[in-house]
Amino acid sequence: MNDINSLAHSKWNCKYHIVFAPKYRRMVFYGQKKNEIGKILRKLCEWKGVEVLNAEACPDHIHMLLSIPPKYSVSKFMGYLKGKSSTMLYEQFGELKYKYRNREFWCKGYYVDTVGKNEARISEYISKQLEEDKMGDRLTMSEAGAFRKKKK
């Protein structure tokens, strides 16, 4: 397994774990939208020469393991990815325009971490993220139930 890539005058191995969410953490990635956002993000990555090693669309956020060439900074690439994908989503799903004003589909920020030699572990984490989110949802207490006054 050779992880070393090359550009004209450099060899590189730059992998990043990136997590980003839609505005207001709305749960929008179900069914057809989940498949379409996956296609859109993969297409945009392909256009820039970024390799998608693993990805998972949870209902309210996206995890991606990407191999980004060093000619792109992570922040510039994320600006491109979030900007173009929101435009493409609004073209496909017109009803989203009413929930997200001014074509602001994604939150401003994102989480990024370098992978280093832990690629297999992070890839496994991303693959199991949807299951872990479901387990976490089952463990949460009802908001009002824990603080109600007990009747005498």
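Counting from 1, residues in each chain are numbered in the order their sequence is written. Side-chain atom pairs in this predicted model are given and counted only at pLDDT of 80 or more, local residue features only at pLDDT of at least 70, and totals for whole chains, interfaces and linings cover all residues. The basis for the side-chain values is all heavy atoms of the structure; hydrogens and waters are excluded.

### Observations concerning the sheet that holds strand 6 (residues 111–114)
Should DSSP find at least two bridges between two strands, the strands are taken to pair. Runs of H or I in DSSP of at least four residues are treated as helices and runs of E of at least two as strands, each being numbered from the N terminus. The strand order 4-5-3-6 describes an open sheet built from four strands, whose pairing is antiparallel. Lying at the two open borders of the sheet, with one neighbouring strand each, are strand 4 (51–58) and strand 6. Sheet twist, expressed as the mean angle between neighbouring strand axes with direction ignored, is 15°. As judged from the four bridges shared by strand 3 (residues 15–20) and strand 6, these two strands associate in the antiparallel manner. Within strand 6, the residue paired with Tyr 16 across the bridge is Thr 114. Axis geometry follows a simple rule: fit a line to the C-alpha atoms, using only the stretch in contact for helices, then measure angles between N-to-C directions, giving values from 0 to 180 degrees.

### Some words on the nonpolar core
Only buried Ala, Val, Leu, Ile, Met, Phe, Trp, Tyr and Cys residues count toward a nonpolar core, and they belong to the same one when joined by side-chain atoms within 4.5 Å. Relative accessibility decides the category of a residue: with a 1.4 Å probe and only protein chains considered, values under 20% of the type maximum give buried, values over 50% give exposed, and everything between is partly exposed. Counting 30 residues, the largest nonpolar core has Phe 20, Ile 62, Met 64, Leu 66, Phe 77 and Leu 81 as the members making the most contacts within it. When contributions to this core are tallied by element, the ones reaching two or more residues are strand 3, helix 1 (31–48), strand 4, strand 5 (61–67) and helix 2 (74–92).

### Comments concerning helix 2
Helix span, as expected, comes to 1.5 Å for every residue beyond the first. Here helix 2 spans 26 Å end to end across 19 residues, near enough to the 27 Å set by a 1.5 Å rise per residue. Taken together, the buried positions of helix 2 are Val 74, Phe 77, Met 78, Tyr 80, Leu 81, Lys 82, Ser 85, Ser 86, Met 88, Leu 89 and Tyr 90.

### A closer look at helix 1
With 18 residues, helix 1 should cover 26 Å at 1.5 Å per step; its first-to-last C-alpha distance of 27 Å lies within 8% of that length. Those residues of helix 1 that sit buried are Glu 36, Ile 37, Ile 40, Leu 41, Leu 44 and Cys 45. In a view along the axis of helix 1, the buried residues occupy a sector of 165°, so they form one face of it. Exposed side of helix 1, more than 90 degrees from the buried face: Gly 31, Gln 32, Asn 35, Lys 39 and Glu 46 are the residues found there. What the arc measures is the spread of directions leading from the helix axis to the C-beta atoms.

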